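One-letter residues, chain by chain:
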Amino acid sequence: MREITVHLGERSYAIQIVHHDLDRLTQFLHTEYRYSTWFVVTNESIFSLYANELKQLTADKRYHFILIPDGESHKTLDTVDKVYTELIQRNADRNAVIVGLGGGVIGDLAGFVAATYMRGIPLIQVPTTLLAMVDSSVGGKVGVNHTLGKNLIGAFYQPRCVIADTRFLETLPSRELLAGLSEIIKYGLIADVELFEWASEHWEKFLACEPETLEKAVTRSCEIKAVVVERDEMEGSLRMILNFGHTWAHAFESLSDYLLFSHGEAVMMGMMGGTKLSHLRGYLDDSDHGLIQSTLNAIAARMVTPEMKLFFDKITWDEFDHQTRIDKKASGGRVKWVLLNQIGQASVESVPPEMAEEAFNFLKYTIASFE
Ligand code: NAD
Ligand code: GLY
């Protein structure tokens with residue numbers, strides 16, 4: 001077991017990285033929240049995949065399972081309302097604890113419920129996707145999408161504990177492993193050149209679900225995220241670097257009604273745009289720019305579908321530009337872009353719109369050239 005602490009004063013918590021040890025969750029709940037009832041928010045796919053492992057919990061009357069529909073398009077206030085209704089109908093009081101058992105969609109939504117139900121009840125994150133283990137379960141960003149934009153409704157609300165059991169990754173489809181890899185590469189690009197080089201070299205091992213590779217990637221990613229969150233929990237400035245490629249990604253996701261891209265896929269393609277923009281801004285020399293794009297291209301080419309290609313073929317600069325102005329980092333209508341100063345170091349700034357348009361056209365052209 002590896003343990004990383006997120007140091008936030010009285011709201012500090014541990015990220016426990018384990019393998020085949022779901023008992024950690026019950027031990028934690030039974031020790032820390034002995035007099036509570038536990039509401040496990042998950043979805044039908046995870047619930048049936050892990051029916052055997054969850055048998056002990058489903059048989060125990062103190063655990064209640066709330067199943068929500070699978071998919072990003074259900075990360076909405078409408079679904080939140082349905083969860084509130086179940087909590088009220090099952091008499092959940094302020095002693096109740098919410099456990100988010102799933103990927104980032106479940107974690108963000110269950111976290112938002114925990115932050116708001118009766119003005120806040122404890123939250124435990126049990127991530128089951130690679131993306132959720134390396135990113136969304138840590139740091140306290142919880143929330144849902146609005147029809148007009150991604151993740152626009154939410155709160156900062158830290159969990160009491162994160163239990164990342166890499167055993168869950170054994171059932172994760174390759175598509176979702178690659179989606180998680182996007183965020184790992186992101187950490188390398190913004191904060192750790194060695195992580196970038198290692199992930200670039202070994203990324204195919206992620207698809208083979210090699211336990212040591214996954215454990216190393218989850219651990220290093222969580223260490224980096226913990227440090228950034230400790231220094232800027234509410235995203236006053238530094239934390240924005242965790243959004244490298246995300247302004248692009250959120251626009252692609254919402255302009256395609258959350259149906260074409262997983263978040264990680266959109267981030268991978270967004271990072272291609274962000275890398276080009278950094279190069280145009282004069283921050284990356286030709287050699288680093290080429291090195292990064294060749295890694296991103298190789299992975300993105302594995303992700304791209306004919307529908308995504310069609311999307312990139314049709315999307316116009318005006319549509320993209322409009323959507324990026326709704327991004328949470330925008331201020332006074334000016335978009336703030338996360339840029340790479342060099343591999344392992346990032347900053348946030350506005351650039352002339354023509355420069356962003358050139359990077360956007362480069363991305364369209366690159367994706368059109370994929371076989
Ligand atoms: P997801 O939650 O939609 O999960 C992807 C798919 O994998 C789903 O179909 C899910 O049912 C399935 N799945 C989950 N665990 C599984 C398992 N162990 N085996 C087999 N299938 C499994 O997607 P995601 O990529 O985990 O998360 C994306 C979401 O996370 C987005 O909404 C994004 O905005 C959010 N996010 C939030 C933060 C944050 O800081 N809060 C950071 C990054 C991303
Ligand atoms: N995923 C970006 C953040 O947590 O700030």
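Look a little higher up for the structure.
Residues numbered from 1 in each chain as written. Chains lettered and ligands numbered in written order. Predicted model: local features only at pLDDT ≥ 70, side-chain atom pairs only at ≥ 80, totals over all residues. Heavy atoms only, no water.

So, about the pairing of strand S1 (residues 2–6). For S1 and strand S2 (residues 13–18), the ladder comprises 5 bridges, and the chain directions are antiparallel. Each residue of the ladder has a partner; that of Arg 2, found in S2, is Ile 17. Between S1 and S2, which pair antiparallel and follow one another directly, the connecting turn spans 6 residues, one of which, Gly 9, has a positive phi of 60°. (Pairing = 2+ DSSP bridges. Helix = DSSP H or I, 4+ residues; strand = E, 2+ residues; numbered from the N terminus.)

Here the focus is the site of ligand 2. Neighbouring ligand 2 are Asp 135, Lys 141, Lys 225, Glu 235, Arg 239 and Leu 242. Calculation on ligand 2 without its partners gives an accessible area of 200 Å², and the protein chains cover 89% of this total. (Near = heavy atom within 4 Å. Areas by Shrake-Rupley, 256 points an atom, 1.4 Å probe, with all protein chains shown as cover.)

Counted by the stated rule, this structure contains 22 salt bridges. Measuring nitrogen to oxygen at the nearest pair gives 2.8 Å for the salt bridge that ties Arg 62 to Asp 60. Residue Asp 60 is classed as buried on the basis of its relative accessible area of 18%. Lys 75 is the salt-bridge partner of Glu 72, the closest N and O atoms lying 3.8 Å from each other. Among the residues examined, Lys 75 registers a relative accessible area of 2% and is labelled buried. What emerges from the salt-bridge pattern is a single network uniting Glu 72, Lys 75, Asp 108, Lys 150 and Glu 253. (Salt bridge = Lys/Arg side-chain N within 4 Å of Asp/Glu carboxyl O. Buried < 20%, exposed > 50% of the residue type's maximum accessible area, 1.4 Å probe, protein only.)

Turning next to the side chain of Thr 129. Relative to the helices and strands, Thr 129 is located in the loop between strand S6 (123–127) and helix H6 (130–136). What Thr 129 contacts, discounting residues up to four positions off in sequence, is Gly 102, Gly 103, Gly 104, Leu 169 and Leu 172. (Contact = heavy atoms within 4.5 Å.)

Our focus in this paragraph is the sheet that holds S1. As summarised here, the arrangement of the 7 strands in space is S1-S2-S9-S6-S5-S3-S4, forming an open sheet in which the pairing is mixed. Edge positions in the sheet fall to S1 and strand S4 (63–68), since each of these pairs with one other strand and no more. Neighbouring strand axes in the sheet, compared pairwise and without regard to direction, differ in orientation by 20° on average. The pairing of strand S5 (residues 97–102) with S6 spans 5 bridges and is parallel. Considered in S6, the bridge of Leu 101 is made with Val 126. Packed onto the sheet, helix H4 (residues 77–89) meets strand S3 (38–43), S4 and S5 and runs at close to 155° relative to S4. (Axes fitted to C-alpha atoms, helices over the stretch in contact; angles between N-to-C directions.)

What follows covers the nonpolar core. Ile 124, Leu 130, Phe 252 and Met 269 are the most contacted members of the largest nonpolar core, which has 101 residues in total. Once residues within four sequence positions are removed from consideration, Met 269 is found in contact with Phe 252, Phe 261, Ala 300, Met 303, Val 304, Met 308, Phe 312, Leu 363 and Ile 367. Core analysis: the next-biggest nonpolar cluster, separate from the first, contains 23 residues, Phe 39, Val 83, Ala 92 and Val 113 among them. (Core = buried A, V, L, I, M, F, W, Y, C linked by side-chain atoms within 4.5 Å.)

We now examine the site of ligand 1. Contacts to ligand 1 come from 27 residues, most closely from Glu 72, Lys 75, Thr 128, Thr 129 and Thr 171. At 2.8 Å, a side-chain N or O of Lys 75 approaches an oxygen atom of ligand 1. With respect to ligand 1, the side chain of Lys 150 contributes an N or O atom lying 2.8 Å from an oxygen atom. Here ligand 1 loses 90% of its free accessible area of 870 Å² to cover by the protein chains. (Polar contact = N/O pair within 3.5 Å; in protein donor to acceptor, adjacent residues only side chain to side chain.)

Here we come to empty space enclosed by the protein. In the structure shown here, the tally under the stated rule is 1 cavity of 30 Å³ or more. Taken as a whole, the largest cavity encloses approximately 90 Å³ of empty space. Considering the residues around the largest cavity, the lining is formed by Gly 149, Lys 150, Leu 152, Thr 247, His 250, Ala 251, Ser 254, Gln 323, Thr 324, Ile 326, Asp 327 and Lys 328. Elements with a minimum of two residues in the lining of the largest cavity: strand S8 (149–156), helix H10 (246–255) and helix H14 (317–324). For the lining of the largest cavity, the element with the highest residue contribution is H10, accounting for 4 residues. When its residues are assigned to classes, the lining of the largest cavity shows 3 nonpolar, 6 polar and 3 charged. (1 Å grid on protein atoms, 1.4 Å probe; cavity = no way out; pocket = protein on both sides within 12 Å on 5 of 7 lines; lining within 4 Å. Points joined across faces, edges and corners; volume = space filled by probe spheres on them. Nonpolar A, V, L, I, M, F, W, Y, C, P; charged D, E, K, R; others polar.)

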